[in-house]
Structures are given as C-alpha cells and as structure tokens.
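Okay, here's what each chain looks like letter by letter:
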Amino acid sequence: MTNLSDNTVVITGASRGIGEAAARQLAGLGATVVLSARSSARIEKIAEDIRTQGGHALARRCDVSQEQDVAGLMRFAIDSTSRIDALINNAGIIEPIARLIESDPDEWSRVVDVNFKGVYYGLRHAIPHMLERGRGTVVNISSGAATSALEGWSHYCSTKAAVLSLTRCAHREYGDQGIRVIGLSPGTVATQMQSQIKRSGINPVSRLDSSAHIPPEWVARAIEFLLDKSSDAFLGTDFSLKTDEGRKAVGLPLVTTG
Ligand code: NAP
C-alpha cells in the first residue's frame, strides 16, 4: 500500500462516483484530500465522514468550467495545507446525449467547458506550484471514448480526445521538470454517469448489463497506483483498466477472468 502521509491531493468532481471513491481511498492511505465539486453540501458531508474515520479532508466548492473557481481551489489547497502533491482532474459530464444534428450548441459547448477546459484550468493553475516544488502528479480521468467514436457522444468523445492531447502536451512540456502527468481510462464504471448513459438508449454502451461495469473503488485503486513511481512507464499516456496489463499492474481481477 502506498503511504501518502503529508501529501495533499486535490480531487475535482468528488461529490460522488469515482471522485468520491478516490477521496476515500487516498485519505485511507494518509493523504489530506481536498474534495471539490459544485454540490457543496455533498462534499462537506463526505469530508466530515472521512474526518470522523480519522482521515484528513477539506471541502471547497468549485465549478471546473469557471477558471476563477479552479484558481481559487488551488489557492485554497495551498493556503490550507501549504502544498499540492497531486491533482486528480476527474470532474466530467456526458449529458445531454444526442446525435450531432440534434445537439444543442450551447449544451454541447457546456461539455467542452467542463470536460476539456476544466482540465486545462486544473493543469494551468496547479503546475506552477508543482514546478516551484520540483514535483507533483496530475491524473486526468480519460475514457476509451478518447480514441473511439460512439453514436450520440460527439461532445464526450471529442472532449476526452482533447484531454488525452492535454496529457501528452503537459508531459512533453514539464515531464523533465519533475511533473508527472498521466491519463486514466477506466472502462465502464458503475456510477451515475452510466445510469444516464443507460437511459439514453442510443449506442451499445447504453445496452451493457450493469454487471459489465467495474466499481468506482477499483478506479480509486488505479489512481493510487498512478500516484506511485511504479507507474512511471505510463507517463504522458492514457493508462487503461480495460487491459490485463493495466489490471495486473493495479492488482485487480484480469479482464479475461472477470
Ligand atoms: P458521476 O458519478 O456523474 O460524477 C461526476 C462528478 O463530476 C460529480 O462529482 C459532479 O459533481 C462533478 N461535476 C460535474 N460537473 C462539474 C463541474 N462543472 N464542476 C465541478 N464538478 C463537476 O460520474 P463518474 O463516472 O464518477 O465520472 C467521473 C469521471 O470519470 C468523468 O470525467 C467521466 O467522464 C470519467 N469516466 C467515467 C466512466 C464511467 O463509466 N462512469 C468511464 C470513463 C470515464 P457536482 O454535480 O456536484 O458538481
């Protein structure tokens, strides 16, 4: 198990799903976790719950589509704990699911603001602090959609492709200065997002049986792995939990054996 004592980890989209599971997992390893999302009450409650169990957790409201919110989140983490060791760029949305010509341009742009620009703002406002310290890790939550085309998901596929590009660019620019930037493609995960996908009925992912989805706790364990030096071979790429190589590295059941 990784020891994260004295580490501060900022997590966006921590009010439920993968972000909440990551906060609980990393706090359990000793990290001070800074939970953020738009639902203030929800992140306050999770942080309180983590503290009750002896962990260290803070909560700060942040809409990642607003640059000032993201800048404020990083300042809050640094002012409160004097450091940011890792940022988990996890916040993301997929609704409304619609084919291109039926999509609403404002809603489509909203997905760009959250999924793509939100990750850019995170990198833009965390990396300067990490460079001052000569170290830091950013995990960008990606998706198989970054490299595939799915009906009704033009906003989601193209923003996740853009996030993979940001991962590569940030690694190229700062990888030799102690900054570790890495993507994580988790496969399908049993969260609210999959319920929204199921309701849409548009493409084969919406027809998957719920047993096909992995629990968010597995993704949290993958995030733990990516914070450790043993994952260095994957820097600047999307690490995938849909391969046996990825599952084995994290210590999860293999894809081929379920
Ligand atoms: P989820 O349960 O729907 O959680 C999404 C999180 O993002 C929530 O905490 C939500 O909190 C937050 N969020 C949404 N809009 C936000 C905004 N503007 N600013 C800040 N936070 C915002 O979904 P999830 O499955 O855990 O998704 C987490 C990440 O995993 C996403 O990037 C998603 O694309 C990726 N992913 C998921 C799957 C899957 O199968 N579930 C597969 C591949 C990748 P608030 O609503 O409180 O703001």
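Residues numbered from 1 in each chain as written. Predicted model: local features only at pLDDT ≥ 70, side-chain atom pairs only at ≥ 80, totals over all residues. Heavy atoms only, no water.

Asker: Give me the site of the ligand: which residues, what numbers.
Answerer: Contacts to the ligand come from 31 residues, most closely from Ser-15, Arg-38, Ser-39, Tyr-156 and Thr-191. Take Val-64: an N or O atom from its main chain is 2.9 Å from a nitrogen atom of the ligand. Here a nitrogen atom of the ligand and a side-chain polar atom of Arg-110 are 3.5 Å apart. Relative to its unbound accessible area of 890 Å², the ligand is 97% covered by the protein chains. For the shell around the ligand, the elements supplying multiple residues, two or more each, are helix H1 (17–28), helix H4 (105–133), helix H5 (154–174) and helix H6 (192–200). Split into classes, the residues belonging to the shell around the ligand amount to 13 nonpolar, 13 polar and 5 charged. (Near = heavy atom within 4 Å. Polar contact = N/O pair within 3.5 Å; in protein donor to acceptor, adjacent residues only side chain to side chain. Areas by Shrake-Rupley, 256 points an atom, 1.4 Å probe, with all protein chains shown as cover. Helix = DSSP H or I, 4+ residues; strand = E, 2+ residues; numbered from the N terminus. Nonpolar A, V, L, I, M, F, W, Y, C, P; charged D, E, K, R; others polar.)

Asker: Mind laying out the pattern of salt bridges, listing which residues take part and the relevant values?
Answerer: For side chains bearing opposite charge, pairing can occur when the charged atoms are close. For the structure on display, the rule yields 14 salt bridges. Arg-61 is the partner of Asp-69 in a salt bridge, and the nearest nitrogen-oxygen pair spans 3.6 Å. Here Asp-69 falls in the partly exposed class, since its relative accessible area comes to 23%. Here Lys-117 ties to Asp-113 by a salt bridge, and the two come within 3.4 Å at their closest N and O atoms. Of the two residues, Lys-117 and Asp-113 are both situated in helix H4; the distance of 4 residues between them amounts to about one turn of the helix. Residue Lys-117 is classed as partly exposed on the basis of its relative accessible area of 34%. Relative accessible area serves as the criterion here: at 24%, Asp-113 is assigned to the partly exposed category. (Salt bridge = Lys/Arg side-chain N within 4 Å of Asp/Glu carboxyl O. Buried < 20%, exposed > 50% of the residue type's maximum accessible area, 1.4 Å probe, protein only.)

Asker: Which residues make up the nonpolar core, and what values go with them?
Answerer: With 42 residues, the main nonpolar core has Ile-11, Leu-26, Val-33, Leu-35, Leu-184 and Phe-239 as its most contacted residues. The element contributing the most residues to this core is helix H7 (residues 216–227), with 7 residues. Once you skip the residues sitting within four places of it in the chain, Leu-26 turns out to touch Leu-4, Val-9, Ile-11, Ala-31, Val-33, Ile-223, Glu-224 and Leu-227. (Core = buried A, V, L, I, M, F, W, Y, C linked by side-chain atoms within 4.5 Å. Contact = heavy atoms within 4.5 Å.)

Asker: Break down the environment of Ala-126 for me, citing the residues and quoting the values.
Answerer: Inspection of the secondary structure puts Ala-126 in helix H4. Look at Ala-126 and you get buried, because its relative accessible area is 0%. Once you skip the residues sitting within four places of it in the chain, Ala-126 turns out to touch Met-74 and Leu-87.

Asker: An account of the state of the cysteines is needed here, citing residue identities and associated values.
Answerer: All told, the structure shown has 0 disulfides when counted by the stated rule. Of all cysteine sulfurs, the one in Cys-169 lies closest to Cys-157, which takes part in no disulfide; the gap is 20 Å. (Disulfide = S-S within 2.5 Å.)

Asker: Any chance you could break down unusual backbone geometry for me, citing the residues and the numbers?
Answerer: For the bond running from Glu-95 to Pro-96, omega is 0°, close enough to zero to count as cis. Its location among the elements puts Pro-96 in the loop between strand S4 (86–89) and H4. For Asp-6, which is not a glycine, the phi torsion comes out positive at approximately 70°. The topology assignment puts Asp-6 in the segment before strand S1 (8–11). Unusually for a residue other than glycine, Ser-82 sits at a positive phi of about 70°. Considering the arrangement of structural elements, one finds Ser-82 in the loop between helix H3 (67–81) and S4.

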